[in-house]
Amino acid sequence: MEPNRKRRRVCTNSEIDRELIDSDSDTEISSLFSSDGNSEYIPTSNSSDDSSSEVDRNEVVTEVEAHEYVQNQNNFTDDVNVQFVANEVHNDHISINGCWTDTNKVPLIHDFVGEEKVNIQTTDPVEVFGNIFDTALLEKIVTWTNTRAGIMRGTPLSKHAHLNFWENVSVEELKKFLGLCMLMGNVNLPSIKHYWSKDGLYEHPIFGRTMSRNRFECILRCLCFYDPNIDSTDNRMHKIENVLNDILANSVRVYSPGKSLSLDEAMVLFRGRLSFRQYIKNKSHKYGIKLYELTTSDGFILNIIIYLGKGTLIDKEKGHAFEVVRKLMQNYLGKGHIIFLDNFYNSVDLAEYLMTNQTNMCGTLQSNRVGNPQVVVQTKLKKGECVSRQRGDVTVMKWRDKRNVLTISTSNGPEMEETRTKRGEVIQKPSMVVRYNKGMSGIDRSDQMISYYSTPRKSLRWYIKIFFHLLDVSLWNSTFIFSKLTTKTTYLNFRDIIIKQYIHVEPIPRKPRPIRSSQTTHAPVKLEKRLRCHVCREAHNTRKQTFYACSICKDSKDKPFGLCMPTCFNLWHEK
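Every chain begins its residue count from 1, and numbering advances along the sequence as written. This being a predicted model, a pLDDT of at least 70 is required before a residue's local features are given, and a value of 80 or more before pairs of side-chain atoms are given or counted; all residues contribute to the totals for chains, interfaces and linings. Heavy atoms from the whole structure form the basis of all side-chain values; hydrogens and water molecules are not counted.

**Digging into the overall build of the chain**
Counting from the N terminus, the helices are the DSSP runs of H or I reaching at least four residues and the strands are the DSSP runs of E reaching at least two. The number of helices and strands found in the chain is 19 helices and 17 strands. Think of it in three bands: with a 1.4 Å probe and only protein chains considered, a residue is buried below 20% of the maximum accessible area for its type, exposed above 50%, and partly exposed in between. When each of the 575 residues of the chain is scored for burial, the buried share is 44%.

Shown next, in the form of C-alpha cells:
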C-alpha cells in the first residue's frame, strides 16, 4: 500500500438521503461526489444497515430484492450527480430483468412454419440417386479429370507408364469406375490388386469383366474435382468444394426437413500427413478429417462444414463453435426448428441468439462457459437431485445421476418426467435430458449406416477420401428418400441396385430344376413317423394322421406328405 495515499470516503444510501433532505442547493450535494476521487458511492437497501448489496450477475434475485433495488434507483432519478455515480458503479451488472431467477417458467416454443416433405415423385431408386449425385456433376468430373490427365501427360513420364496410353474418360466409363468403388465397399479385400486376382481365394469375376486394373488405377490417379487451369488455388477447399456444394444443394432441394435437427462432428479416417488432421478419442476413427454435420433427428444429412484447421469460421466476439452453428443453420433460422447440440457448441449466448431467430435448442453444457449461473454450477447434489435457474426463456439445469449432467434448453423448463430404464425401473428424469437423448441420434445414425459399407480406400490425397465419403453420403441420403417415397429398404439393398445399374451387371438366369427321381410308377410307401393326410386337410378340412405316403409325389419343400390308404391315395392320383 502507498504510504501517502489518501483514504477515500465511502458514502452510503442513508447519508445521501439525509443530504438530499437537508440541502437546498446542488453545491452541498456535489461535495459528496467531488471530482478529486475522495468519495465513493455504495448503494444499499432502505434499511438502517449500511452494508453494500451489489446485484451480482450470477446470483438469484427475488421479487422483494428486485423491488428494493428499483426503489433505490427511483430515489435518485432527479439528481444528475447521483445518476452518474450509480451508473458508474453498476456498469458491469445486468438489469433486474436479465438476472438468473429460481422460477419454473414455461419457455416460448416457436411455431414450426416449415413442412417435412420430399420434393420429388418417383419410385425408381436410380432416379432418386440421380437427383442427388446428378449427371451434371458427373460431366464436370469427367471434364476436370481429362484436363488433369492432359497436364500430367505433359510432364516427363517413364517409358512404361500407363498414362502414355491414356484415353479420355466418358460419363459411362466414370459410372463403371464409381460402381466398382462402391462394390469395393460391399466386398472388402486387402488391397486393390486383390479384386483383379485370379487366386481362388479372392477371384471376383465382375471387376475384370468391367474394367482392367491398369485403367482403374489410371482413372483413380487422374481423378480431379476442379479445373486446374481456371479455379483459384488459394483456398484449401478448392480441391473438393465443387463436389461438396453440388451434393449439399441437391440434398436440400430434394428434401425439406421436419422440426427436429441435430448437429455434431463426424470423422473421415485419414492417417496421412495433413496440417488439419484431428484426433478425437471418442470416435470410432480417432484420427482423420473432422466434419461438422447438420442432420435431421432420423439421419438425413443437410449440411457439412470441413474443418480446415485454425482460422476456420472465426468469430472474434462469439468464438469458433458459435460460428459453426450459425453457418450450418443459416438456411433454417426463423422457421421454428429445434436443434440438439452437445456441450462443445452450447452456451447461454448461443441459446439467446437462436431464440431471437425463432429457433429453440436443447443440449448439454460445459460448466466453464461464460454466462453460466454460478449457483447451478457450484451447487453439490446427491443422486436424483437437481438445481436450475432461468433467464428469460433460457433454462440451465444440473441433475445428478451417476455423475453431474449440466444441460441448457429453450424448449423445456426444469420439469421432471417419468421414464423407464433398460431394466424396466421407473425413475424421474429431467424432460430436457429425455428430449435430448431422443433428438441427438441423427448424426450417430448416419455415421453408423455409412460405416457398414464404406467406399473410401487408402489414399495419400485427403480430398479423394472426402470425395468417396460424399459419395456414401449421397447413397445414404438417397436410401432415406427412397424409403420415404416407397416401402422401407435397407442401405445395402439400395447400394446393390445402384452398383448393378452403374456397371451393367446382367441378371444370371436360373437353371431348370432337375428331376429328382427316375421312377414313373406312384406306389405307397410306409413311413416311420405319421404324417397328416394331405387330401383330408385340403378336401375335407379334417385332421387325420397316416403312416403312408407316395414314393414320387412331394410338397413344395421337396418333402413327402401323408395319404390315407387306400381312399385318399387313389383320390389324389386320380386328379
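**Considerations on a positive patch on the surface**
Here the term patch refers to residues with relative accessible area over 30% and no salt bridge, with like charges joined within 9 Å and nonpolar side chains (Val, Leu, Ile, Met, Phe, Trp, Tyr) within 5 Å. Here, Shrake-Rupley sampling with a 1.4 Å probe gives the accessible areas, and only protein chains in the shown set may cover a residue. Only one rule defines a salt bridge in this text: a Lys or Arg side-chain nitrogen within 4 Å of an Asp or Glu carboxyl oxygen. Charged residues are defined here as Lys and Arg on the positive side and Asp and Glu on the negative side; His and the ends of the chain fall outside this count. The location of each charge is read from NZ of Lys, CZ of Arg, CG of Asp or CD of Glu. On the surface, Lys-383, Lys-402, Arg-403, Lys-422 and Arg-423 cluster together into a positively charged patch. For Arg-403, a relative accessible area of 59% corresponds to the exposed category.

**Looking at the environment of Phe-468**
One can find Phe-468 in helix H16 (residues 462-485). Spatially, the C-alpha atoms of Phe-468 and Val-268 are 10.0 Å apart, while their sequence positions differ by 200 residues. Phe-468 has contacts with Cys-181, Leu-220, Thr-455 and Pro-456, leaving out every residue within four places of it along the chain. Only heavy atoms matter for contacts: two residues are in contact if any of them lie within 4.5 Å across the pair.

**Overview of the state of the cysteines**
Here a disulfide denotes one covalent bond, and it connects the sulfur atoms of two cysteines. Throughout, disulfides are identified as pairs of cysteine sulfur atoms within 2.5 Å of each other. Inspection of the entire model under this criterion finds 0 disulfides. Lacking any disulfide linkage, Cys-224 is separated from the closest cysteine sulfur, that of Cys-222, by 9.4 Å.

**Notes on the pattern of salt bridges**
A full pass over the atoms with the stated rule returns 10 salt bridges. Residues Asp-246 and Lys-140 are paired through a salt bridge, measuring 3.3 Å at the closest nitrogen-oxygen approach. Taken as a pair, Asp-246 in helix H10 (residues 241-254) and Lys-140 in helix H6 (residues 135-153) lie far apart in primary sequence, 106 residues in all. Take Lys-140: its relative accessible area is 36%, and that puts it in the partly exposed class. The residue Asp-298 makes a salt bridge to Lys-484 at a minimum N-O spacing of 3.9 Å. One end of the pair, Asp-298, is in the loop between strand S7 (287-296) and strand S8 (301-306); the other, Lys-484, is in helix H16, and 186 residues separate them in sequence.

**Describing unusual backbone geometry**
The omega torsion across Met-565 and Pro-566 is -5°, close enough to zero to call that bond cis. Topologically, Pro-566 is positioned in the loop between strand S17 (545-550) and helix H19 (567-574). We note that Gln-358 has phi near 55°; this positive angle belongs to a residue other than glycine. Within the secondary structure, Gln-358 is located in the loop between helix H12 (348-356) and strand S10 (360-364).

**Some details on a nonpolar patch on the surface**
Residues Phe-547, Tyr-548 and Met-565 make up a contiguous nonpolar surface patch of roughly 250 Å² in combined accessible area. For Met-565, the position within the fold is in the loop between S17 and H19. With relative accessibility at 36%, the residue Met-565 sits in the partly exposed group.

**Points about the confidence of the model for the chain**
The predictor's confidence in any single residue is recorded as pLDDT, a number from 0 to 100. In the predicted model, the chain carries a mean pLDDT of 81, and 80% of its residues have values of at least 70. Every residue in residues 23-70 is under pLDDT 50, and counting partners more than four places away or in other chains gives 90 contacts. Low pLDDT, under 50, characterises residues 513-519; the stretch is placed with 4 contacts to residues that sit more than four places away or in other chains.

**Examining the side chain of Lys-290**
As for its placement among the helices and strands, Lys-290 is situated in strand S7. One buried charged residue, Lys-290, remains without a salt bridge, the closest side chain of opposite sign being Glu-265 at 5.4 Å. Polar contacts involving the side chain of Lys-290 include one to the side chain of Tyr-292, which spans 3.3 Å. Once you skip the residues sitting within four places of it in the chain, Lys-290 turns out to touch Glu-265, Ala-266, Met-267, Gln-278, Ile-280, Ile-305, Ile-306 and Tyr-307. Distance and chemistry together define a polar contact, namely a pair of N or O atoms within 3.5 Å, with one atom able to donate a hydrogen and the other to accept it when in protein, and with adjacent residues in sequence counting only for side-chain atoms on both sides.

**Concerning the packing of H16 against helix H17 (residues 491-503)**
Axis angles are defined between N-to-C directions and span 0 to 180 degrees, where every axis is a line fitted to C-alpha atoms and, for a helix, only to the segment in contact. Contact pair H16 / H17: the axes reach a minimum separation of 10 Å and the direction vectors enclose 110°. Considered as vectors, H16 and H17 are oriented roughly perpendicular to each other. Handedness of the crossing formed by H16 with H17: right-handed. Two secondary-structure elements touch here, H16 through Asp-472, Leu-475, Trp-476, Ser-478, Thr-479 and Phe-482 and H17 through Tyr-491, Phe-494, Arg-495 and Ile-498. By residue class, the composition of the contact of H16 with H17 is 6 nonpolar, 2 polar and 2 charged. Any angle from 65 to 115 degrees is called roughly perpendicular, while one under 35 is roughly parallel, one over 145 is roughly antiparallel, and all others are oblique. Left-handed describes a crossing in which the near helix is turned anticlockwise from the far one by less than a right angle; the clockwise case is right-handed. Throughout this entry, Asp, Glu, Lys and Arg are counted as charged residues, while Ala, Val, Leu, Ile, Met, Phe, Trp, Tyr, Cys and Pro are counted as nonpolar. The remaining residues, Gly among them, count as polar.

**Side note on the environment of Phe-129**
Position of Phe-129 relative to the elements: it lies in helix H5 (residues 125-132). A sequence separation of 350 residues divides Phe-129 from Thr-479, and the C-alpha atoms of the two residues are 8.1 Å apart. Other than its neighbours up to four places away in sequence, Phe-129 contacts Leu-471, Ser-474, Leu-475, Ser-478, Phe-494, Ile-498 and Tyr-502.

**Structural notes on the pairing of S7**
Judged by how many residues are buried, S7 sits mostly within the fold: 9 of 10 residues are covered. In short, DSSP must find at least two bridges between two strands for them to pair. Direction of pairing for strand S5 (residues 260-269) relative to S7: antiparallel, over a ladder of 9 bridges. Across the sheet, Val-268 pairs through a bridge with Ile-289, a residue of S7. The pairing of strand S6 (residues 278-279) with S7 spans 2 bridges and is classified as antiparallel. Paired with Gln-278 across the two strands is Gly-288, which belongs to S7.

**Points about the packing of helix H7 (residues 171-186) against helix H9 (residues 213-222)**
Packing of H7 against H9 leaves a shortest axis separation of 11 Å and a crossing angle of 95°. As far as their axial angle goes, H9 and H7 are roughly perpendicular. Residues Glu-173, Phe-177, Leu-180, Cys-181 and Met-184 of H7 touch H9, and the partners they reach there are Arg-215, Phe-216, Ile-219 and Leu-220. Counted by class, the contact of H7 with H9 contains 7 nonpolar, no polar and 2 charged residues.

**Let's talk about the environment of Gly-384**
Within the secondary structure, Gly-384 is located in the loop between helix H13 (374-378) and strand S11 (386-391). A relative accessible area of 45% places Gly-384 in the partly exposed class. Separated by 46 residues in the primary sequence, Gly-384 and Pro-430 have C-alpha atoms spaced 9.9 Å apart. In this structure, Gly-384 is in contact with Trp-399 and Arg-400, ignoring residues within four places of it in sequence.

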